[in-house]
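Descriptive structure summary
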Number of protein chains: 2
Amino acid sequence: MRSTTSDSNSRRSPNTSPETAQRILSAAVAEFARHGFTKTTVRGIAAAADVSPGLVIHHFGSKDGLRSACDDHVFELITSAKARNAEYATMAVQMMFGDPEMSTAVDYLVKSLLDPSEHGQRYFDHYVDLVESYITDGFAGYTFRQSEDPHGQAATIAVMALAPAMLEHRLHSVLGTDDTAETMTRLAPHLLDLYLHGALESVPDNSGLRDEEP
Amino acid sequence: MRSTTSDSNSRRSPNTSPETAQRILSAAVAEFARHGFTKTTVRGIAAAADVSPGLVIHHFGSKDGLRSACDDHVFELITSAKARNAEYATMAVQMMFGDPEMSTAVDYLVKSLLDPSEHGQRYFDHYVDLVESYITDGFAGYTFRQSEDPHGQAATIAVMALAPAMLEHRLHSVLGTDDTAETMTRLAPHLLDLYLHGALESVPDNSGLRDEEP
DNA sequence: ACCTTGATTGAACGCGCGTTTAATATTAAA
DNA sequence: TTTAATATTAAACGCGCGTTCAATCAAGGT
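These figures come from a predicted structure and were not determined experimentally.

Observations regarding the pattern of salt bridges
Residue and element names in this part refer to chain B. For the coordinates displayed, the defined rule picks out eight salt bridges over all chains. Salt-bridge contacts for Asp115 lead to Arg67; the nearest nitrogen and oxygen are separated by 3.3 Å. Of this pair, Asp115 sits in the loop between helix H6 (100-114) and helix H7 (121-137) while Arg67 is found in helix H4 (residues 63-84), placing the two residues 48 residues apart along the sequence. Take Asp115 and Arg67: they sit in the same class, and that class is buried. Its salt-bridge partner being Asp72, residue Arg122 comes within 2.7 Å of it at the nearest N-O pair. With a gap of 50 residues between them, Arg122 in helix H7 and Asp72 in helix H4 connect regions that are remote in the sequence.

Below, the structure is given as structure tokens:
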């Protein structure tokens, strides 16, 4: 209940209102990203956008139609951001958790990937393709280990790269971190070590016993 | 609607019925594992167990009480299985996708981890502890790379190890695999390579340019 | 000025949900 | 055999959901 009809700018749209539809869509992306698709209600989205539930349906046809519109919006946001600075991935990560809209978009993407519906598949397909191009062409000055199955390798690495975002809430709890940035900062050195050297020492000499550094 | 009251075995319980409660709980674990907690309905569980919806509530108090009972059941199943063959992890993985009850339990665990509620946190905490003990004591004859932050390292590796199960559905689609076993078999060599040697070649000589093998 | 068009809303509809309730069936204990 | 207790069910209750509907409002075209 912000205002009834009067606005200081006074330019209320006559019968066309792209501005209100945009506000509904932004609110929907945020609600979907926060609570997932099943738990998010049309009434909740309408309240977040300060409109009536009926108007949400009027503009997008149905809850699922609204979700599809959100899919397109987020996909365009993600892919254009990736295209803008493809080679500076670490900066892209920084930006993703700095720009709140991008952060919301990533949360939406994760919720969509984990949802059993087919809506989110294209995000994963696109990401695997991107990783596969990294494997072929290199990434941020690094070159990838080559394998006989680049597609399977790309899928594997894509899954690994997405994992921390999916379990962010669990990581917060187990690490005692306060926000996403702190959690990712904590993980970063171990991720870098894993990607550069692996997790297991390649000393297949004897069994259980291990010794300190020489 | 299997049978009304007559059974060939004829030993229907008088006023105590641990068998029916057990059947409801098994059905609940399976339903929760397949559809998640929000989408799973008490009516669906009751139908799967061939009882009335009211009986489910009568035995477990509420849907959330039933979920807690499932939590305990699955946790006990997972931890006892881990304790039984802790050192033979590859066999444990094989068994997890061979024994259907254990496979369902793993699906349940994944759904619980991804659910925003606090119910699943203990699974993650327990798993991070287990990984941390692997880092300290070694695992299947391998020794882990040591770091200044073993807890963060354990959390990182735990997240990585859980990731394929969480995105199994997306992997099926992108790899064209038919079942879980085939998907994991496809991923296995890349995971082993990642854990043993990492994903990036450690050739930090020059920037962007890359060349083929010598 | 009139009519058309579309934005917007408040109220309602129908449905499926978790849960409650009253009644019945079944068996151990008395 | 009666009694008390529990398992079990069919039906209903109340609620929140997505969606529909009729009415109102605001502006543009004619």
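Read on, since the account is not over.
Some thoughts on the UniProt feature "domain: HTH tetR-type" (unreviewed entry) in chain A
Within the UniProt annotation, "domain: HTH tetR-type" (unreviewed entry) is assigned to residues 18-78 of chain A. Annotated as 89% helix and 0% strand, the span residues 18-78 of chain A places its first and last C-alpha atoms 22 Å apart.

Quick word on the relation of the copies chain B and chain A
In the superposition of chain B on chain A (RMSD 0.0 Å, axial shift 0.0 Å), the rotation amounts to 180°. Expressed as a symmetry operation, the mapping of one chain copy onto the other fits a two-fold axis. Residue B:Gly198 of chain B places its C-alpha closer to the rotation axis than any other residue of that unit, at 1.9 Å. With an isologous cut-off of 70% or more, the 100% of interface residues of chain B that recur at the interface of chain A puts this contact in the isologous class.

Focus on the nonpolar core
A:Tyr108, A:Phe124, B:Tyr108 and B:Phe124 are the most contacted members of the largest nonpolar core, which has 122 residues in total. The contact partners of B:Phe124, leaving out residues within four places of it in the chain, are A:Leu167, A:Arg170, A:Leu171, A:Val174, B:Leu113, B:Ala155, B:Ala158, B:Val159 and B:Leu162.

A look at the interface of chain B and chain A
Of the residues lining the interface, 61 residues belong to chain B; the matching set on chain A comes to 62 residues. Between chain B and chain A the total buried area reaches about 5900 Å² when both faces are included, carbon and sulfur atoms providing 62% of it. Our count for the contact surface shared by chain B and chain A stands at four salt bridges. B:Arg186 is paired through a salt bridge with A:Asp149; the nearest N and O atoms lie 2.6 Å apart. Along the contact surface separating chain B from chain A lie 30 residue pairs in polar contact (both at pLDDT 80 or more). For the side of chain B that touches chain A, the elements supplying multiple residues, two or more each, are helix H1 (18-39), H6, H7, strand S1 (143-144), helix H8 (150-166), helix H9 (168-175), helix H10 (180-197) and strand S2 (200-201) of chain B. Top element by residues in the side of chain B that touches chain A is H8(B). It accounts for 12 residues. Looking at the side of chain B that touches chain A, its residues break down into 27 nonpolar, 22 polar and 12 charged. Pairing analysis gives two bridges linking strand S1 (residues 143-144) of chain A to S2(B), with the strands arranged antiparallel. The partner of A:Phe144 across the bridge, within S2(B), is B:Leu200.

Comments concerning H1(B)
All names here are of chain B. Between the first and last C-alpha of H1 there are merely 27 Å, a value that for 22 residues lags more than 12% behind the 32 Å anticipated at 1.5 Å per step. The largest bend along H1 reaches roughly 85° and is located at Ala33. Among the residues making up H1, those that are buried are Thr20, Ala21, Ile24, Leu25, Ala27, Ala28, Val29, Glu31, Phe32, Ala33, Gly36 and Phe37.

Points about the environment of A:Ala69
Residues and elements named next belong to chain A. Its place among the elements puts Ala69 in helix H4 (residues 63-84). For Ala69 and Leu25, which are 44 residues apart along the polypeptide, the C-alpha to C-alpha distance reads 7.5 Å. If we skip the residues at most four places from it in the chain, Ala69 touches Leu25 and Phe60.

Remarks on the confidence of the model for chain A
All names here are of chain A. Mean pLDDT over chain A: 85, with 79% of residues reaching 70 or higher. Between the elements of chain A, mean pLDDT differs from a low of 61, seen in helix H5 (residues 89-96), to a high of 98, seen in helix H2 (residues 42-49). Note that residues 1-13 has pLDDT below 50 and, in this model, four contacts with residues that lie over four places away or in other chains.

Considering the UniProt feature "DNA-binding region" (unreviewed entry) in chain A
Taking the numbering used here, the UniProt-annotated feature "DNA-binding region" (unreviewed entry) corresponds to residues 41-60 of chain A. Helix and strand shares over residues 41-60 of chain A are 80% and 0% respectively, and the end C-alpha atoms of the span are 14 Å apart.

A short note on the packing of aromatic side chains
All names here are of chain A. Taken as a whole and assessed by the stated rule, the structure comprises 10 aromatic pairs over all chains. Taking 4.5 Å as the distance between ring centres and 45° as the angle between the ring planes, the aromatic pair formed by Tyr134 and Phe139 counts as tilted. Within the aromatic cluster, the residues linked to one another by ring pairs are Phe32, Phe37 and Tyr108. The ring of Phe75 carries the charged tip of Arg122 above its face, separated from the ring centre by 4.6 Å. Between the NZ or CZ atom of Arg122 and the centre of the ring of Tyr123, over which it lies, the distance is 5.9 Å.

Parameters and conventions
Numbers given for residues are sequential positions, taken from 1 along each chain in its written order. Ligands are numbered from 1 and chains lettered from A, in the order in which they are written. Selection of residues for local features in this predicted model requires a pLDDT of at least 70, selection of side-chain atom pairs for listing and counting requires 80 or more, and totals for whole chains, interfaces and linings are taken over all residues. Based on all heavy atoms of the structure, the side-chain values leave hydrogens and waters out of the count. We define a salt bridge as a contact between a side-chain nitrogen of Lys or Arg and a carboxyl oxygen of Asp or Glu at a distance within 4 Å. By the criteria applied, helices consist of DSSP H or I runs no shorter than four residues and strands consist of E runs no shorter than two, each listed in order from the N terminus. Only protein chains enter the accessibility calculation, which uses a 1.4 Å probe; a residue is then buried when its area is under 20% of its type maximum, exposed when over 50%, and partly exposed in between. UniProt positions are given in the numbering used here, feature names are shortened, and annotations may be inferred rather than shown by experiment. The least-squares superposition of copies is restricted to C-alpha atoms, and to residues with a pLDDT of at least 70 in both copies. By definition, residues are in contact when any of their heavy atoms lie within 4.5 Å. By convention a nonpolar core is built from buried Ala, Val, Leu, Ile, Met, Phe, Trp, Tyr and Cys residues, the set being connected through side-chain atoms within 4.5 Å. The term buried area refers to how much accessible surface (probe radius 1.4 Å) is lost by two components on association, counted for both of them together. Any pair of nitrogen or oxygen atoms within 3.5 Å is treated as a polar contact; in protein, a donor-acceptor pairing is required on top of that, and neighbouring residues in sequence qualify only through side-chain atoms on both sides. Any residue that is not Ala, Val, Leu, Ile, Met, Phe, Trp, Tyr, Cys, Pro, Asp, Glu, Lys or Arg is counted as polar, Gly included; the first ten are nonpolar and the last four charged. In this description, strands pair whenever DSSP reports at least two bridges between them. The span one expects for a helix is its residue count, reduced by one, times 1.5 Å. We define the bend at any residue as the angle between the axes fitted to the seven residues before and including it, ending there, and the seven starting there. As a per-residue measure, pLDDT reflects the predictor's confidence and takes values from 0 up to 100. For Phe, Tyr and Trp, rings pair up if their centres lie within 6.5 Å, where Trp contributes its six-membered ring, and each pair is then called stacked (planes under 30 degrees apart), edge-to-face (over 60) or tilted (otherwise). Distance and angle both matter: a charge sits over a ring if NZ of Lys or CZ of Arg is within 6 Å of the ring centre and within 35 degrees of the ring normal.

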